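# Notes for the structure review
In case you want the letters, here they are:
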Amino acid sequence: MIQKNIRELVQYGLLTGLIEKEDQIYTTNRLLELFELDELEEAEENIEVTVEDLERILGEMLDYAYEKGILSENGVVYRDLFDTRIMSMLVPRPSEVIREFHDKYEKDPKQATDYFYQLSQDTDYIRRYRIKKDQKWISSTKYGDLDITINLSKPEKDPKAIAAAKNAKQSGYPKCLLCMENEGYAGRINHPARQNHRVIPVTINGSRWGFQYSPYVYYNEHCIVFNSSHIPMKIEHDTFCKLFDFVKQFPHYFVGSNADLPIVGGSILSHDHFQGGCYEFAMAKAPVERNFTVKGFEDVEAGIVNWPMSVIRISHKDSDRLVAMADVILEKWRGYSDEAVFIYAETDGEPHNTITPIARRRGDKFELDLVLRNNITTKEHPLGVYHPHANLHHIKKENIGLIEVMGLAVLPARLKGEMEHLAEAILSGADIRKDEELEKHADWVEAFLPGYQDVNRENIMEILHKEIGNVFMQVLEDAGVYKRDEEGQAAFDRFTASIN
């Protein structure tokens, strides 16, 4: 079987363009070496493969490697490390990828990103067969259609791998998952392999950055743009300049930055980076519900967006005008307090106010969304006042970062099984409070179920999906510093008026 698998993988490389005909013998020999084989046996049948065959081919190769002792353990972490090594035999060198990217960029930036996105999938850096497992649906709300995803593409680590990672020597190389040094790295038990990973160097606002795709692609062409130096996130003047410099180079992409404070920031605050892509989120589609003007910026369109979080949108043909106005808004917000609505710029010397910025092209204009954030905590809300409140933690407890801010819920994998079991419990009339797994959902079910007259096997998952969407809408409302009631919106107006 391994002989056939090697032929199949080489054929996959030819099919996807990862290798050319002249590379066929060379690639075959590298694979023979990897699997400790001396020769490729004669075979009469013609090998035909499709892109969809890759998961099976790699799976059979991994089984063989484990049987022969080439792979020491058979858990998913070890298999992922080894199949990345297998795929590295087919991946072009960084210089080749960069050259091809630039050749295509000279014709059209979209051609370049199309090529790189396809390559990132064909090399199995983006594991298409896992991404397909993610559950996704659209949930209609008063703020527009929110995207809901139950993330199933990150495999659960087995106990043996968790124990091994705990006991493994801690390494500072690469310093984090976003460092340039990940490109080509073999990985270890507590750090993913990246031999099939490629990075495109880009110059942003005069500094060296890297451009890559997320291996988990939560939305179309989900890219990550990261500083070549391992320096912390910081929202400042240069941030706005860099965002616009990127969208000028890649006008078909939006790009945004997580906030730079804990709780309201992303999962990696230690490395300066942005996220972007070719996708229009619900927040980008949301209209401005009322406009305001700022003295000295009367030529800039500015308004408050109809969105559960607190968003200021500014628009102009000249990005420099937007950067200048964003500087003013950021400086004002950093020091702004309004005790009437529990907004404190700092407590005991700890700063709380920051911004999540998102930049995009809109026709012949540039557009910048500035999402006001505050990370204050209290005894009642120890994880954050402007964070999902405890009554929503049964669905979403994690931080609300850039992706969620824009209207895409990334929900934990546990919900797949829990919702399947919850559906059965509701249909059978079981006591949810007596079920250890489902008890946390009991208050939620008791609140929404009376609103449905007919609940049956055909519509139960549709109902649960709709109600999960409503929970995510509430999550975003919790994260909004200015609430969507009359008092909250009046306070928002007080802030915009104070910018003058």
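Please read all numbers here as calculations on a predicted model, not as lab measurements. (Residues numbered from 1 in each chain as written. Predicted model: local features only at pLDDT ≥ 70, side-chain atom pairs only at ≥ 80, totals over all residues. Heavy atoms only, no water.)

### Remarks on the pairing of strand β7 (residues 273-277)
Most of β7 is tucked away, with five of its five residues classed as buried. Judged by which residues are buried, β7 turns out to be covered on both faces: His 273, Gln 275 and Gly 277 on one side and Phe 274 and Gly 276 on the other are all buried. The pairing of strand β5 (residues 223-227) with β7 spans four bridges and is antiparallel. Paired with Val 225 across the strands is Phe 274, a residue of β7. As judged from the three bridges shared by strand β6 (residues 254-256) and β7, these two strands associate in the antiparallel manner. What sits directly across from Val 255, in β7, is Gly 276. (Buried < 20%, exposed > 50% of the residue type's maximum accessible area, 1.4 Å probe, protein only. Helix = DSSP H or I, 4+ residues; strand = E, 2+ residues; numbered from the N terminus. Pairing = 2+ DSSP bridges.)

### Some words on the packing of helix α1 (residues 2-16) against helix α3 (residues 54-67)
At a minimum axis separation of 10 Å, α1 and α3 run at an interaxial angle of 145°. As for the relative orientation of α1 and α3, their crossing is left-handed in sense. Across the interface between the two elements, Ile 2, Asn 5, Ile 6, Glu 8, Leu 9 and Tyr 12 from α1 touch Leu 54, Arg 56, Ile 57, Glu 60, Met 61 and Tyr 64 from α3. Within the contact of α1 with α3, the residues separate by chemical class into eight nonpolar, one polar and three charged. (Axes fitted to C-alpha atoms, helices over the stretch in contact; angles between N-to-C directions. Left-handed = near helix turned anticlockwise from the far one by under 90°. Contact = heavy atoms within 4.5 Å. Nonpolar A, V, L, I, M, F, W, Y, C, P; charged D, E, K, R; others polar.)

### So, the side chain of Asp 369
Relative to the helices and strands, Asp 369 resides in strand β14 (residues 365-374). Asp 369 sits in the buried class, given a relative accessible area of 0%. Within the structure, Asp 369 has its side chain in polar contact with the side chain of Arg 360 (distance 3.0 Å). Beyond its immediate stretch of four places on either side in the chain, Asp 369 contacts Met 283, Val 311, Ile 312, Arg 313, Thr 356, Pro 357, Ile 358 and Arg 360. (Polar contact = N/O pair within 3.5 Å; in protein donor to acceptor, adjacent residues only side chain to side chain.)

### Some remarks on the packing of aromatic side chains
If you walk through the whole model with that rule in mind, you get 33 aromatic pairs. Ring plane angle 20° and centroid distance 6.5 Å describe the contact between Phe 101 and Tyr 105, whose orientation is recorded as stacked. A residue pair is termed a helical-turn pair when its members lie 3 or 4 positions apart in one helix, as Phe 101 and Tyr 105 do in helix α5 (residues 94-107) at four residues. The class of Phe 101 is buried, set by a relative accessible area of 1%. Residue Tyr 105 is classed as partly exposed on the basis of its relative accessible area of 24%. A connected cluster of aromatic rings, assembled from ring pairs, spans Phe 101, Tyr 105, Phe 116, Tyr 117, Phe 211, Tyr 213, Phe 246, Phe 250 and Tyr 253. (Phe/Tyr/Trp six-rings, centres within 6.5 Å; stacked < 30°, edge-to-face > 60°.)

### Section: the nonpolar core
Counting residues in hydrophobic clusters, the biggest one holds 95 residues, and the most contacted among them are Leu 9, Phe 35, Ile 86, Phe 211, Phe 246, Ile 314 and Tyr 482. In this structure Phe 211 touches Phe 101, Thr 113, Phe 116, Val 199, Ile 200, Val 202, Cys 223, Ile 224, Val 225, Phe 226, Phe 246 and Tyr 253, once residues within four positions along its chain are discounted. Membership of the second largest hydrophobic core comes to 52 residues, among which are Phe 281, Ile 403, Phe 448 and Ile 463. (Core = buried A, V, L, I, M, F, W, Y, C linked by side-chain atoms within 4.5 Å.)

### Observations regarding the pattern of salt bridges
Applying the stated criterion to the full structure yields 35 salt bridges. Across the salt bridge formed by Glu 8 and Arg 56, the nearest N and O atoms sit 2.9 Å from each other. Remark: Arg 56 occurs in helix α3 and Glu 8 occurs in helix α1; sequence separation between them is 48 residues. On the basis of relative accessible area, Glu 8 is assigned to the buried category, the value being 3%. The exposure class of Arg 56 is partly exposed, given its relative accessible area of 32%. A cluster of three or more residues bridged by salt bridges with shared partners is formed by Glu 280, Arg 313, Arg 360, Arg 362, Glu 367 and Asp 369. (Salt bridge = Lys/Arg side-chain N within 4 Å of Asp/Glu carboxyl O.)

### Things to note about the pairing of strand β9 (residues 301-305)
With four of five residues buried, β9 is to be regarded as a mostly interior element. In this structure, strand β8 (residues 288-291) lies alongside β9, joined through three bridges in antiparallel fashion. Looking across to β9, one finds that Arg 290 is bridged to Ile 304. A loop of five residues connects β9 with strand β10 (residues 311-316), the two strands running antiparallel in sequence.

### Here's the deal with the sheet that holds β10
Judged by pairing direction, the sheet is antiparallel, and its 10 strands sit side by side in the order β3-β4-β5-β7-β6-β13-β14-β10-β9-β8 without closing on themselves. Whereas interior strands pair on both sides, the edge strands pair on one side only; in this sheet they are β3 (200-204) and β8. Strand-to-strand twist in this sheet, taken as the mean axis angle between neighbours without regard to direction, amounts to 25°. Docked against the sheet, helix α11 (residues 319-334) engages β9, β10, β13 (353-362) and β14, running at close to 10° with respect to β14.

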